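For reference, the chains in residue letters:
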Amino acid sequence: MAQIAQVIVDVPTMQTNRPYTYLIPAAWQSQVQPGMRVIVPFGRGKRRVQGFVVNLTNQSTFDGDLKAIDTVVDLAPVLNTEALAMTAWLAQSTFAFQITCAQTMLPAVMRAKYEKQLRATDKTSPAVREKLFGDASSVSFETVATDSQMVSQLMRWQKAGEVDVYYQVKNQARRKTQLAVKAALTPAELATAQTTVRAGATQQLALLKALATLNGETLTQKIFSRRFNVSDATIRSGEKKGWLTRVAEEVYRDPYADSDIQATKPLTLNDEQRVAVDQIVTAIDAPATTTFLLEGVTGSGKTEVYLQAMAAALKAGKTALMLVPEISLTPQMVRRVKGRFGHAVAVLHSGLSNGEKYDEWRRIQRGEAQVVVGARSAVFAPLTNIGLIVMDEEHESSYKQDDAPRYHARQVALWRSRYHHCPVVLGSATPSLETRARAEKGVYSRLVLKDRVNQRPLPAVSIIDMKKEMQQHAESNFSAPLLVALQDRLERHEQSVLMLNRRGYSSFVLCRDCGFVLKCPNCDISLTLHMDTHTMKCHYCGHEEAIPRICPNCHSRQIRYYGTGTEKVEEELRDLLPDARIIRMDNDTTRKKGAHEKLLATFGRGDADILIGTQMIAKGLDFPNVTLVGVLNADTALGLPDFRASEWTFQLLTQVSGRAGRAEKAGHVYIQTFNPDHYAIRFAQHHDYEGFFKYEMRMRHQGGYPPYYFTVQITASDLDEAVAAKRMYQLLQWLRPRLTPSTLILGPTPKPIARVNRRYYYQMVLKYKREPNLASTLSTLLQETQVQQRQGLQISIDVEPLHFM
Ligand SMILES: Nc1ncnc2c1ncn2[C@@H]1O[C@H](COP(=O)(O)OP(=O)(O)OP(=O)(O)O)[C@@H](O)[C@H]1O
Ligand SMILES: [Zn+2]
Ligand SMILES: [Zn+2]
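Residues numbered from 1 in each chain as written. Chains lettered and ligands numbered in written order. Predicted model: local features only at pLDDT ≥ 70, side-chain atom pairs only at ≥ 80, totals over all residues. Heavy atoms only, no water.

J.: Which residues make up helix 17 (residues 480-491), and what values go with them?
T.: Its twelve residues give helix 17 an end-to-end C-alpha distance of 17 Å, which sits within 8% of 16 Å, the value for a rise of 1.5 Å per residue. Against strand 19 (460-465), strand 20 (495-499), helix 18 (566-576), strand 27 (610-613), strand 28 (626-631) and strand 29 (668-673) lie the buried residues of helix 17. His-493 occupies a position one or two residues after helix 17 and carries a positive phi of about 55°. (Helix = DSSP H or I, 4+ residues; strand = E, 2+ residues; numbered from the N terminus. Expected span 1.5 Å × (residues − 1). Contact = heavy atoms within 4.5 Å.)

J.: Talk me through the sheet that holds strand 15 (residues 371-374); I want residue IDs and the actual numbers.
T.: Taken in spatial order, the seven strands of this open sheet run 14-15-13-16-17-12-18, and their pairing is parallel. Either end of the sheet is taken by a strand with one partner, and the two such strands are strand 14 (345-348) and strand 18 (445-449). The sheet shows a mean angle of 15° between the axes of neighbouring strands, direction not considered. Lying over the sheet, helix 10 (residues 271-285) contacts strand 12 (291-296), strand 16 (386-391), strand 17 (424-428) and strand 18, oriented at roughly 155° with respect to strand 18. (Pairing = 2+ DSSP bridges. Axes fitted to C-alpha atoms, helices over the stretch in contact; angles between N-to-C directions.)

J.: Describe in detail the pattern of salt bridges, supporting the description with residues and values.
T.: This structure, assessed with the given rule, holds 30 salt bridges. The partner of Arg-362 in a salt bridge is Asp-359, with the nearest N and O atoms 3.0 Å apart. Here Arg-362 and its partner Asp-359 are both found in helix 13 (residues 354-365), three residues apart, which amounts to about one turn of the helix. Arg-436 is the partner of Glu-440 in a salt bridge, and the nearest nitrogen-oxygen pair spans 2.8 Å. In this pair, Glu-440 and Arg-436 both sit in helix 15 (residues 433-440), four residues apart, roughly one turn of the helix. Exposure remark for Arg-436: the relative accessible area of 3% places this residue in the buried category. (Salt bridge = Lys/Arg side-chain N within 4 Å of Asp/Glu carboxyl O. Buried < 20%, exposed > 50% of the residue type's maximum accessible area, 1.4 Å probe, protein only.)

J.: Just give me the short version of the environment of Ala-439, but keep the residues and values in it.
T.: Considering the arrangement of structural elements, one finds Ala-439 in helix 15. Since its relative accessible area comes to 11%, Ala-439 is described here as buried. For the pair Ala-439 and Cys-101, spaced 338 residues apart in sequence, the C-alpha separation works out to 30 Å. Excluding residues that lie within four positions of it along the chain, Ala-439 makes contacts with Leu-293, Tyr-444 and Arg-446.

J.: Explain the coordination of the zinc ion (ligand 2) to me, and be specific about the residues and the numbers.
T.: Note on the zinc ion (ligand 2): its protein donors are Cys-511 (SG), Cys-514 (SG), Cys-551 (SG) and Cys-554 (SG). The metal-donor distances range over 2.3 to 2.4 Å. What the four donor atoms of the zinc ion (ligand 2) show is an angle range of 105 to 111° at the metal, which sorts the shape as tetrahedral. Cys-551 sits in the buried class, given a relative accessible area of 0%. The class of Cys-554 is partly exposed, set by a relative accessible area of 32%. (Donors = N, O, S within 2.8 Å, 3.2 Å for Na, K, Ca; no water. Tetrahedral: all angles 85-135°; square planar, octahedral: opposite > 155°, others 65-115°.)

J.: Explain the packing of helix 7 (residues 202-212) against helix 9 (residues 232-240) residue by residue, including any values.
T.: Following both chains from N to C, one finds helix 7 and helix 9 inclined at 70°, their axes separated by 10 Å at the closest point. Comparing the axis directions of helix 7 and helix 9 gives the class roughly perpendicular. Judged by the sense of rotation from one axis to the other, the crossing of helix 7 with helix 9 is right-handed. Where helix 7 approaches helix 9, its residues Gln-203, Gln-204 and Leu-207 are matched on the opposing element by Thr-234, Ile-235 and Gly-238. Of the residues assigned to the contact of helix 7 with helix 9, the class counts are two nonpolar, four polar and no charged. (Parallel < 35°, antiparallel > 145°, perpendicular 65-115°, else oblique. Left-handed = near helix turned anticlockwise from the far one by under 90°. Nonpolar A, V, L, I, M, F, W, Y, C, P; charged D, E, K, R; others polar.)

J.: Requested: an account of the sheet that holds strand 1 (residues 4-9), with residues and values cited.
T.: Pairing is antiparallel across the open sheet formed by five strands, whose spatial order is 2-1-4-3-5. The open sheet is flanked by strand 2 (20-23) and strand 5 (71-72), the only strands paired with a single partner. Two strands pair when backbone bridges link them, and strand 3 (residues 37-41) and strand 5 are joined in this way by two bridges, in the antiparallel orientation. Its bridge partner being in strand 5, Val-38 is matched across the sheet by Val-72. In this fold helix 2 (residues 98-105) packs onto strand 1 and strand 4 (48-57), with an angle of close to 100° to the strand it touches most, strand 4.

J.: Explain the nonpolar core to me, and be specific about the residues and the numbers.
T.: One broad rule of soluble globular proteins: the nonpolar side chains tend to lie buried together. Counting residues in hydrophobic clusters, the biggest one holds 74 residues, and the most contacted among them are Leu-79, Val-372 and Ile-714. The dominant element in this core, judged by the number of residues it contributes, is helix 23 (residues 721-735), at seven residues. What Val-372 contacts, discounting residues up to four positions off in sequence, is Ala-320, Leu-321, Met-322, Ala-346, Leu-348, Ile-364, Ala-378, Ala-381 and Leu-383. Judged by nonpolar contacts, the second largest core, of 39 residues, contains Leu-433, Met-616, Leu-652 and Ala-680. (Core = buried A, V, L, I, M, F, W, Y, C linked by side-chain atoms within 4.5 Å.)

J.: Mind laying out the packing of aromatic side chains, listing which residues take part and the relevant values?
T.: Taken as a whole and judged by the stated rule, the model has 15 aromatic pairs. Where Phe-650 meets Tyr-689, the ring centres are 6.1 Å apart and the plane angle is 45°; that geometry is what we call tilted. Note that Phe-650 is positioned in helix 20 (residues 645-657) and Tyr-689 in helix 22 (residues 689-703), a separation of 39 residues in sequence. Seen in terms of ring centroids, Tyr-679 and Tyr-695 are 4.2 Å apart; in terms of plane orientation they differ by 35°. Their pairing is tilted. Here Tyr-679, found in helix 21 (residues 679-685), pairs with Tyr-695, found in helix 22; they are 16 residues apart in sequence, far enough to count as distant. Residue Tyr-679 is classed as buried on the basis of its relative accessible area of 14%. (Phe/Tyr/Trp six-rings, centres within 6.5 Å; stacked < 30°, edge-to-face > 60°.)

J.: An account of the site of ligand 1 is needed here, citing residue identities and associated values.
T.: Near ligand 1 you find 18 residues, and of these Thr-268, Gln-273, Lys-302, Asp-622 and Arg-662 are the closest. Gly-299 places a polar main-chain atom, nitrogen or oxygen, 2.9 Å from an oxygen atom of ligand 1. Within the side chain of Thr-303, one N or O atom sits 3.0 Å away from an oxygen atom of ligand 1. Against a free-state accessible area of 640 Å², the protein chains account for coverage of 82% of ligand 1. When residues of the shell around ligand 1 are assigned to their parent elements, the largest contribution, three residues, is made by helix 11 (residues 302-315). Its residues assigned to classes, the shell around ligand 1 shows four nonpolar, eight polar and six charged. (Near = heavy atom within 4 Å. Polar contact = N/O pair within 3.5 Å; in protein donor to acceptor, adjacent residues only side chain to side chain. Areas by Shrake-Rupley, 256 points an atom, 1.4 Å probe, with all protein chains shown as cover.)

J.: Hey, could you go over the pairing of strand 30 (residues 710-718) for me, with residue numbers and the actual values?
T.: Counting buried residues along strand 30, eight of its nine residues qualify, which places the element largely inside the surrounding structure. With nine bridges joining them, strand 30 and strand 32 (residues 759-768) adopt antiparallel strand pairing. Residue Ser-717 lies in a different strand from strand 32, and its bridge partner there is Tyr-761. Relative to strand 33 (residues 794-799), strand 30 runs antiparallel, the two sharing six bridges. Bridge assignment links Gln-713 to a residue of strand 33, and that residue is Asp-798.

J.: So what's going on with unusual backbone geometry? Residues and values would help.
T.: Negative phi is the rule for most residues except glycine; trans is the rule for most peptide bonds. Note that the residue after Ala-286, namely Pro-287, is joined by a cis bond; omega there is -10°. Along the chain, Pro-287 turns up in the loop between helix 10 and strand 12. Here the residue pair Ala-404 and Pro-405 is connected by a cis peptide bond, since its omega of -10° sits within 30 degrees of zero. Mapped onto the elements, Pro-405 comes out in the loop between strand 16 and helix 14 (409-420). For His-555, which is not glycine, the phi dihedral falls at a positive 65°. Note on placement: His-555 falls in the loop between strand 24 (544-546) and strand 25 (559-561).

J.: Give me the side chain of Glu-494: which residues, what numbers.
T.: In this structure, Glu-494 sits in the loop between helix 17 and strand 20. Exposure remark for Glu-494: the relative accessible area of 8% places this residue in the buried category. Only 3.0 Å separates the side chain of Glu-494 from the side chain of Arg-492, close enough to count as a polar contact. Polar side-chain contacts of Glu-494 include one of 2.7 Å to the side chain of Thr-627. Among residues more than four places away in sequence, those in contact with Glu-494 are Arg-489, Asp-609, Asn-625, Thr-627 and Lys-665.

Here you go:
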């Protein structure tokens, strides 16, 4: 039996990846296992913190007196062997702390919150006991420390040993239980009891008869009383008479309990789908760790491929994990998966309450759910024996987490695929350049669906030059052709979707006469408008210049920052088309829980003609009556100071275009732009992902950007701008000699949004092809900056960042 446990502890200001050693009290020795949460004393005071047992041994490597574990929180490990290995790997590969990683993998309610408590000691005098504790043995500090006088009094009592201060870890995870009814008598005894009740006691008779039908099973009181029409009072009196017992039974909070979901059957696959499913199923059965790229145009039936491949994994006795971006985890998507796999499905997404998430998590952990659908963090779902991992819309940037651990769900999926020896399917109509490049090299296996199902054509795309439009009529968000098309759809009772691109909103300047966007002379990246300093800045190299008053290209005075809001667009549209029924979907109208779903359902029922929205409407929607898609401003993302600007624009235009003409009726797309000749827009017009890929790869090669180079971003922030800047320059001096000369270090520069929440941000970007010293250097950096964190300076490391903003 192990006497010693290695524990990683949760001490926010003193993080380390080194476990601490604790004695296991004799009573716990047979129970403690790696992966369990424990409460341990930490430091000199009476501080109690939560930790995870990562290892058990019999030998201490620590010379001093060992402290003992206080309490074991769990009866069974919450992190299994795989999860423990995953935390270690994740910490190492994202330069985060293992404890942060462990907490990221668990539902929020299982993360520790602490409460300061006072407890009586054997020295507590009757007077103090009376005043503080009454009958209880401990009280929360907050409830008694009501003013500063009381606080100093408490401190004196603590010094005298009359009270003991300690930290109680609050267990927030609450199971939901419901009272259930169970017969306490045998059927024969129940029959006898019926003869003893007085005549006319119909409720009691009904109760006895009902209990006899239970056959020893339990039934929730709610259903019992409804089904047999007996009141709660009768049930309570039956309990007193000893006819029945009531037990608290655990129930799961099922967020989809109210929605009746229809079972669906697998569709007959077309040839391309067949080939894809066959290859994936072969890999499941082998089993092989193949990573597939399923490159399928919008509406090509990728979801059906996922569903049938997942069914094959279940048939082989394994489980399946399906990741989708948060925004496409719509009821429509859930219905499609639940319709196929019913109760085997657990859904994890941010719209659920913490309790609901906890319940779904435990259903998975207990093996009651074999299929998991969820957004980013669902990649950690505690499934065992995984047979297939699917990642839909793999190019989506929401798969990358912005806070520590800064992981990409794709990386975690690939790690788990190696652990479980199962295939991964990365699906998209517009794969990320990184993924498509890996398929080119044969690292991933490429599957292509080049046609829409049932040979539906992709929609025709018209590009509208807004420079010309502006010359012909008064300034408006709607070009003449788009307005005509909208009117036409109203008359034909077909639906339209309008997208207003909010990305990069008014952060750059654009010439309305020639489409010119001001770029950095050194980096070929758009300059960002800084209203605080009234300058244009390049945040890659630090170049800075004045805001132009006339266009440097065509000398027009029509140069200004560009942007308009969804609300303004809606207003204008109501003026132009007073009869249209319009729904607006943006951050304002979808803030309330469930609002997003409601709006989509209204549109889906045909109770609106036009859906106006931000990029949140671009993905996943499958509405047969939508025949028109309009993009009001295709350019905003193009102006972003990021080498991925063209890629985002291409992806967004392709995805939103894909919402049109998905069923019998043909679709048409209008893209309004000031840059009608930009290659991202041209390739999107022709639905030419492959063309875009080749062109963009050349651009990346020339610029020395990913996927030709790897990148790491290091950010320092402080309330004092000078401190953040100074620390970045010191870091540069420290880093340079530790890295190989071929590794480029860009910066330090202030971030484009240099001040957020009163903190100033400076960044540096490392670019490299091979850097053998990277891991050791950044690990050292992570440990050493802990001391500074305490002083207010924060340093973060982001491997392969998706945003340089
Ligand atoms: N083999 C099939 N036979 C008939 N209909 C199909 C078949 N496969 C898929 N469909 C239907 O075609 C429509 C489009 O499929 P799906 O939504 O899976 O496409 P997708 O490739 O995921 O598109 P997007 O990338 O645009 O979301 C759906 O309504 C789906 O039910
Ligand atoms: Zn111009
Ligand atoms: Zn520059």
